[in-house]
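As a plain string of letters, each chain reads:
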Amino acid sequence: MVKSDDGRPDRKPSTRLVRVGRDEALTGPFVNPPVVHASTVLFPDTDTMLSRRQRYLYGRRGTPTSEALETAISDIEGASGTVICPSGLNAVSTALLSALSAGDEVLIVDCVYGPVRHFADTVLKRMGIDTVYFDPAIGTGIADIISERTAAVYLEAPGSLTFEMQDVPAIAGIAHDRGATVLFDNTWATPFFFKPLAAGVDLSIQAGTKYLGGHSDVNLGLVAANERHWPALKEAHGTMGLCAGPDDIYLGLRGLRTMGVRLERQMQSALTVAGWLQDRPEVARVLHPALPDDPGHALWKRDMGGACGLFSIILDGWSLDDTKSLVDGLDLFGIGASWGGFESLAILADPRKQRTAVPWAAEGPLVRLHIGLEDPGDLIADLKAGFDRIAAA
Ligand SMILES: *Cc1c(COP(=O)(O)O)cnc(C)c1O
């Protein structure tokens, strides 16, 4: 294990982001660790190879580069260990596979990231693992749907399309009483604003593709485990042969150092834009748990230290054509998947296609906005020009 230069959980999160995962034994006089491209690792003799008594054994099993990021994330999450996966979705599937066996049942929150639902409905189903989707507002009601076969409960808060919060400590407490593992997708808040393990979660998942990378140029996933679940996670990850390329891992480490300032700025800009949108007659609702009148606000305020730049709006009674035209005509908002980068994005999405436990009802089409590092005044002007254009058409 890399000796983290941090070792001071008493320090503030922004200070820790700068220090974590730095081991002078590996970096020497340099600020950053080497980017080690490796498959073969050489041993001095056969006995050393047979006894595996060496710090590094094989590229896929770990390098100074991967150890630096794993240690940094474990420190920030307060985890016993972290694995790096080639994408956020792979981090989710790896975490689920580490916790589930044939014949088990998994409970998944209905506002889950779409591709996770697809994984559960296809691969897990084929393996004889049943999925039950539940209302994000279930709270202690989770007790009523946990069965003898329930091996895991999967949460994502807020949902990254519809932004419902969930009562993580309440659900985790009940799940543990009944012997189930609790998984949480923390991509939205990131461990900078929310520590899932401290809230009772066993496996904390993060799409490093988003705010960790922060520049829309890398796919990366991370799973951090508490002491009880670390052996099973490490085993599943190693056995499936997962690893990420050293350049991508390095981009994750590089992004980590500035993640705090980017998040703080994108949170503020997003709240400015969201507040402006709340006052617009075109907008029926803004879905963002950091807004005081959001149904998830109390839970967000209790559990999370901040928010990222991602939220949605419901356009009041708008047609799909007008909504497409609004999105297509924006100048500063790109149209594309993913988020967490430095640039703003806008996408039209239909949550109705991704709901089975509670039907999605809304006053009109949903547009998800990601607020980047542009000036919020410029973004508001772009949105205003869009509304004016549709009104004039
Ligand atoms: C993007 C995303 C993922 C998947 O990350 P990829 O790197 O694109 O596979 C998982 N969960 C959430 C909430 C996401 O937004």
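Cut-offs and rules
Residues numbered from 1 in each chain as written. Predicted model: local features only at pLDDT ≥ 70, side-chain atom pairs only at ≥ 80, totals over all residues. Heavy atoms only, no water. Helix = DSSP H or I, 4+ residues; strand = E, 2+ residues; numbered from the N terminus. Buried < 20%, exposed > 50% of the residue type's maximum accessible area, 1.4 Å probe, protein only. Contact = heavy atoms within 4.5 Å. Areas by Shrake-Rupley, 256 points an atom, 1.4 Å probe, with all protein chains shown as cover. Lys, Arg positive; Asp, Glu negative; His and termini not counted. Charge placed at Lys NZ, Arg CZ, Asp CG, Glu CD. Near = heavy atom within 4 Å. Polar contact = N/O pair within 3.5 Å; in protein donor to acceptor, adjacent residues only side chain to side chain. Nonpolar A, V, L, I, M, F, W, Y, C, P; charged D, E, K, R; others polar. Pairing = 2+ DSSP bridges. Axes fitted to C-alpha atoms, helices over the stretch in contact; angles between N-to-C directions. Parallel < 35°, antiparallel > 145°, perpendicular 65-115°, else oblique. Left-handed = near helix turned anticlockwise from the far one by under 90°. Domains from an automatic or database assignment. Buried area = accessible area lost by both parts, 1.4 Å probe. Salt bridge = Lys/Arg side-chain N within 4 Å of Asp/Glu carboxyl O. UniProt positions renumbered as here; feature names shortened; annotations may be inferred.

**Things to note about the overall build of the protein**
Along the protein, the regular secondary structure elements total 13 helices and eleven strands. Buried residues in the protein amount to 55% of all 393 residues. Once local pairs closer than 6 in sequence are excluded, the contacts in the protein between residues at least 24 apart make up 73%. When the accessible surface of the protein is summed, it comes to about 16,700 Å², and 53% of that surface belongs to carbon and sulfur atoms. Considering the protein, the positive charge centre built from 36 side chains and the negative charge centre built from 49 side chains are found 4 Å apart.

**Side note on the site of the ligand**
As a matter of local geometry, the ligand sits amid 13 residues, with G88, L89, D185, T209 and K210 nearest to it. In this structure, an oxygen atom belonging to the ligand sits 2.8 Å away from a main-chain N or O atom of G88. Between W339 and the ligand, the recorded distance is 3.3 Å, taken from a side-chain N or O atom to an oxygen atom. For the ligand, the protein covers 91% of the area, taking 380 Å² as the surface of the free molecule. Classifying every residue of the shell around the ligand by side-chain character gives four nonpolar, six polar and three charged.

**Re the sheet that holds strand 8 (residues 283-287)**
The sheet built from four strands is open, its strands ordered 8-9-11-10 with antiparallel pairing. With one partner strand each, in any of the chains shown, strand 8 and strand 10 (345-349) form the two edges of the open sheet. Direction aside, neighbouring strands of the sheet carry axes that sit 25 degrees apart on average. Judged from the four bridges that link them, strand 8 and strand 9 (residues 310-315) form a sheet pairing that is antiparallel. Counted as the bridge partner of V286 is I313 from strand 9.

**Considerations on the pairing of strand 6 (residues 203-207)**
Burial analysis of strand 6 places five of its five residues in the buried class, the great majority of the element. Residues L203, I205 and A207 line one face of strand 6 and the alternating positions S204 and Q206 line the opposite face, and both faces are buried. Relative to strand 6, strand 5 (residues 181-185) runs parallel, the two being bridged by three bridges. Paired with F184 across the bridge in strand 6 is S204. Taken together, the five bridges between strand 6 and strand 7 (residues 221-225) define a ladder with antiparallel strand orientation. What sits directly across from A207, in strand 7, is G221.

**Thoughts on the packing of helix 12 (residues 320-329) against helix 13 (residues 376-392)**
Relative orientation of the contacting elements helix 12 and helix 13 amounts to 140 degrees, with a least axis distance of 9 Å. One way to sum up the angle between helix 12 and helix 13 is to call them oblique. Judged by the twist between their axes, the crossing of helix 12 over helix 13 is right-handed. Here D322, S325, L326 and G329 of helix 12 come into contact with helix 13, specifically with G386, F387, R389 and I390. The class makeup of the residues in the contact of helix 12 with helix 13 is three nonpolar, three polar and two charged.

**Some details on the domain arrangement of the protein**
In many reports, interface size means the accessible area that the parts give up when they come together. The domains assigned to the protein are domain 1 (13-255) and domain 2 (259-392). Computed from C-alpha coordinates alone, the two centres of domain 1 and domain 2 are separated by 27 Å. Carbon and sulfur atoms make up 65% of the area that domain 1 and domain 2 hide from each other, which totals about 3,400 Å². Interface area lost by domain 1 to domain 2 is led by W188, F193 and Y211, which between them contribute 26%. Across the domain 1-domain 2 interface, the total number found is two salt bridges. Between E164 and R355 there is a salt bridge; the shortest N-O distance is 2.8 Å. Here the side of domain 1 that touches domain 2 takes three residues from helix 8 (residues 190-193), the largest share from any one element. The class makeup of the residues in the side of domain 1 that touches domain 2 is 21 nonpolar, twelve polar and six charged.

**Section: the UniProt feature "modified residue: N6-(pyridoxal phosphate)lysine" (unreviewed entry) in the protein**
Following the UniProt record, one finds the feature "modified residue: N6-(pyridoxal phosphate)lysine" (unreviewed entry) at K210. Position of K210 among the secondary structure elements: in the loop between strand 6 and strand 7. On the basis of relative accessibility, which here comes to 8%, the residue K210 falls in the buried class. If we ignore the near neighbours within four places in the chain, the residues touching K210 are T187, S338, W339, G340 and G341.

**Observations regarding the side chain of T150**
Tracing the chain through its elements places T150 in strand 4 (residues 150-156). A relative accessible area of 4% means that T150 is categorised as buried. Reaching out from T150, the side chain makes a polar contact with the side chain of E105 at a distance of 2.8 Å. Here the side chain of T150 touches S147 through a polar contact of 2.8 Å, landing on its backbone nitrogen. Residues contacting T150, with those up to four places away along its chain left out, are E105, L107, I145 and A180.

**Examining the pattern of salt bridges**
Under the counting rule described, the total for this entry stands at twelve salt bridges. The closest approach of N and O atoms between E67 and R55, which form a salt bridge, is 3.2 Å. Highlighted residues: E67 in helix 4 (residues 64-77) and R55 in the loop between helix 3 (46-51) and helix 4, separated in sequence by twelve residues. Since its relative accessible area comes to 41%, R55 is described here as partly exposed.

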